[in-house]
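The residues making up each chain are set out below.
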Amino acid sequence: VAELSGHLAKVAIVGAGSVGATLAYACLIRGVAHTVALYDISASKVEAEVLDLRHGLQFVPRADVVGSDDVSVCAGADVIAVTAGAKQRPGQTRLDLAATNVDLCRQLIPRLLEVAPDAVIVMVTNPVDVLTLAALQLSALPPQRVLGTGTVLDSSRLRDLVARHVGVAVQNVHAFVVGEHGDSEFPLWSSASVGSVPLRQFSLAGRPALGPEDEQRIAHEVVTAAERIIRGKGATNYAIGLAGARVIEAIIKDENRVLPVTSLLSGHDDLGQVCLSLPAVVNRSGVQAVLDVSMSEEERDLLSRSAAAVRAVAESLL
Ligand code: 2OP
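In this convention, every chain numbers its residues from 1, walking through the sequence in written order. Local features in this predicted model are restricted to residues whose pLDDT is 70 or higher, and side-chain atom pairs enter the listing and the counts only when it is 80 or higher, whereas totals over whole chains, interfaces and linings include all residues. In computing side-chain properties, one takes all heavy atoms of the structure into account and sets aside hydrogens as well as water.

### What to know about the site of the ligand
What counts, and what does not: We define proximity as follows: a residue is near a molecule or strand when any one of its heavy atoms falls within 4 Å of that partner. Any pair of nitrogen or oxygen atoms within 3.5 Å is treated as a polar contact; in protein, a donor-acceptor pairing is required on top of that, and neighbouring residues in sequence qualify only through side-chain atoms on both sides. Reported accessibility uses the Shrake-Rupley method at a 1.4 Å probe radius. Residues are deemed covered only where the shown protein chains occlude them. Here the nonpolar group is Ala, Val, Leu, Ile, Met, Phe, Trp, Tyr, Cys and Pro; Asp, Glu, Lys and Arg are the charged ones; every other residue, Gly included, is treated as polar.
Around the ligand, the surrounding shell consists of Gln-88, Arg-94, Asn-126, Leu-153, Arg-157, His-181, Ala-226 and Thr-236. Taking Arg-157, its side chain carries an N or O atom lying 2.8 Å from an oxygen atom of the ligand. Relative to its free-state accessible area of 220 Å², the ligand is covered by the protein chains to the extent of 92%. Considering only residue class, the shell around the ligand consists of 2 nonpolar, 4 polar and 2 charged.

Right under this line is the structure:
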């Protein structure tokens, strides 16, 4: 059970749809928090998910699950994870959801902070970069305390594909997807490594090395992964649930873990006022620091294009 400076940690999950419920499930299985609270406007939906989750409590580290259609269920939360909102339909981009979900944030964020004034806010709803900036502005919290799951999931997709290609465990691939969690994201190939061997020099006997064409194919597969899943089953939920739980755990357990979360980028004046993902140190304060990652010229260029894409949407709505 996660203890947090003398008290038992609570995570509040807003939205009991497939992402919210899977996030709650992942938090329980990982033993992330003592209390998992689910809040949704549908009383029957939230009650059903809470019951279903409670019926598995025997099999996970000690925890409790509560839920309600009343926001007070989030009271005193250490972390609030927002998953509520319109979701992508086949053919839509994440940025297409911006206007609807920014409106939802306008209603939600002040009410959440009223009941949980000390929480770190983790945005999961898409477009997560635009919504992280929206939540930051609407909450007026210090920038460290508002973050998004960003490209944690995309980086995991990247590592899976690289690991399968080169033939090592996914945990031994060190590589980040950065920028928008969306169509303009890209992998930082120049700094990717396996063990301590630069990925571009890595090869195991009898296995194909990863060449420029593989890089292109893998980058494309990562960017289009969600679209493929949405076409097949209507939504993505498992990997985002696990990625979100990983971020929440890093906060609650004060881990100083490096994760490519979305946060307000400072120290990148050339990119303007924008929330995007870059590897960052995540702990109890939220985003403690964004790393100064080495990038090739091409990667720098891609980052500024990604920032421009997110900024254009954010500026039209915020
Ligand atoms: C995902 O990448 C749709 O953003 C969601 O799975």
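### Regarding the sheet that holds strand 9 (residues 173-174)
Sheet strands pair by backbone hydrogen bonding; their relative direction is either parallel or antiparallel. Just so we agree on the cut-off: A pair of strands is considered paired only if DSSP assigns at least 2 bridges between the two. Strands are runs of DSSP state E lasting at least two residues, helices are runs of H or I lasting at least four, and both sets are numbered from the N terminus onward.
With antiparallel pairing, the 3 strands of this open sheet are ordered in space as 9-12-13. At either margin of the open sheet sits one strand with a lone partner, and together these are strand 9 and strand 13 (197-198). With 2 bridges joining them, strand 12 (residues 193-194) and strand 13 adopt antiparallel strand pairing. Looking at strand 13, one finds that Val-194 is bridged to Val-197.

### Quick look at the sheet that holds strand 18 (residues 286-290)
The line we're drawing: Lines are fitted to the C-alpha atoms to define the axes, a helix being fitted only along its stretch in contact, and any angle between axes, read from their N-to-C directions, falls within 0 to 180 degrees.
The 3 strands lie next to each other as 14-17-18, forming an open sheet whose pairing is antiparallel. The sheet is open, and its two edges are formed by strand 14 (257-259) and strand 18, each paired on a single side. The average angle at which neighbouring strand axes cross in this sheet is 40°, direction not considered.

### A short note on the environment of Ala-169
Within the element layout of this structure, Ala-169 appears in the loop between helix 5 (152-166) and strand 9. In this structure the C-alpha to C-alpha distance between Ala-169 and Val-194, which are 25 residues apart in sequence, comes to 9.4 Å.

### Side note on unusual backbone geometry
To be explicit about the condition: Only protein chains enter the calculation, and the probe is 1.4 Å; a residue is then buried if its accessible area is under 20% of its type maximum, exposed if over 50%, and partly exposed in between.
The peptide bond linking Asn-126 to Pro-127 adopts the cis configuration, its omega dihedral lying at -5°. Tracing the chain through its elements places Pro-127 in the loop between strand 7 (120-123) and helix 4 (128-139). Even without being glycine, Asp-254 reaches a positive phi, approximately 50°. Along the polypeptide, Asp-254 turns up in the loop between helix 8 (238-252) and strand 14. You can call Asp-254 partly exposed: its relative accessible area is 43%. For Asn-256, which is not glycine, the phi dihedral falls at a positive 55°.

### Some words on the pairing of strand 7
For the record, the criterion: By convention, a crossover is right-handed whenever its connection, traced from the first strand over the helix to the second and viewed with the strands pointing away, goes clockwise.
Burial along strand 7 is two-sided: the face carrying Val-120 and Val-122 and the face carrying Ile-121 and Met-123 are both buried. Where strand 6 (residues 79-82) meets strand 7, 4 bridges bridge the pair, whose relative direction is parallel. Within strand 7, the residue paired with Ala-81 across the bridge is Val-122. Running through helix 4, the crossover from strand 7 to the neighbouring parallel element strand 8 (residues 146-148) is right-handed.

### What about the packing of aromatic side chains?
Where we set the bar: Pairing of aromatic rings covers Phe, Tyr and the six-membered ring of Trp, with a centre-to-centre limit of 6.5 Å; geometry is then stacked below 30 degrees between planes, edge-to-face above 60, and tilted otherwise. Our definition puts a charge over a ring when NZ of Lys or CZ of Arg is within 6 Å of the ring centre and also within 35 degrees of the ring normal.
Scanning the entire structure with this criterion turns up 0 aromatic pairs. Taking NZ or CZ as reference, Arg-159 lies 5.0 Å from the ring centre of Phe-176, over its face.

### A word on the pairing of strand 6
Residues Val-79 and Ala-81 point to one face of strand 6 and Ile-80 and Val-82 to the other, with burial holding for every one of them. As judged from the 4 bridges shared by strand 3 (residues 10-14) and strand 6, these two strands associate in the parallel manner. Its bridge partner being in strand 6, Val-11 is matched across the sheet by Val-79. Each parallel crossover has a hand, and the one from strand 6 via helix 3 (residues 98-115) to strand 7 is right-handed.

### Considering the nonpolar core
To keep things clear, this is the line we draw: By convention a nonpolar core is built from buried Ala, Val, Leu, Ile, Met, Phe, Trp, Tyr and Cys residues, the set being connected through side-chain atoms within 4.5 Å. Throughout, a residue-residue contact means that at least one pair of heavy atoms, one from each residue, lies within 4.5 Å.
Within the largest apolar cluster, 49 residues are counted, with the highest numbers of intra-cluster contacts made by Val-14, Ile-80, Leu-112 and Met-123. Only strand 3, strand 4 (35-39), strand 6, helix 3, strand 7, helix 4, strand 16 (275-277) and helix 9 (297-317) provide two or more residues apiece to this core. Sequence-distant contacts of Leu-112, that is, excluding residues within four places in its chain, are made with Val-14, Val-71, Cys-74, Ile-80 and Val-82.

### Regarding the pattern of salt bridges
Our working definition: Salt bridges are counted wherever a side-chain nitrogen of Lys or Arg sits within 4 Å of a carboxyl oxygen of Asp or Glu.
Considering all chains together, one arrives at 15 salt bridges under this definition. Where Arg-30 meets Glu-249, a salt bridge forms, and the shortest distance between an N and an O atom there is 2.6 Å. Of the two residues, Arg-30 is situated in helix 1 (residues 18-30) and Glu-249 in helix 8; the sequence distance between them amounts to 219 residues. Its relative accessible area of 7% is what places Glu-249 among the buried residues. For Glu-315, the salt bridge identified is with Arg-311, shortest N-O distance 3.8 Å. Taken together, the residues Glu-315 and Arg-311, both in helix 9 and 4 residues apart, mark about one turn of the helix.

### A word on helix 5
As a reminder, the rule being used: In a helix, the anticipated span is given by 1.5 Å times the number of residues less one.
Helix length check: helix 5, at 15 residues, gives a terminal C-alpha distance of 21 Å against a target of 21 Å (1.5 Å per residue), a fit within 8%. With respect to burial, helix 5 is a largely interior element, 12 of its 15 residues being buried. Among all positions in helix 5, only Val-152, Leu-153, Asp-154, Ser-155, Arg-157, Leu-158, Arg-159, Leu-161, Val-162, Ala-163, His-165 and Val-166 are buried. Just past helix 5, the residue Gly-167 takes up positive phi, approximately 85°.

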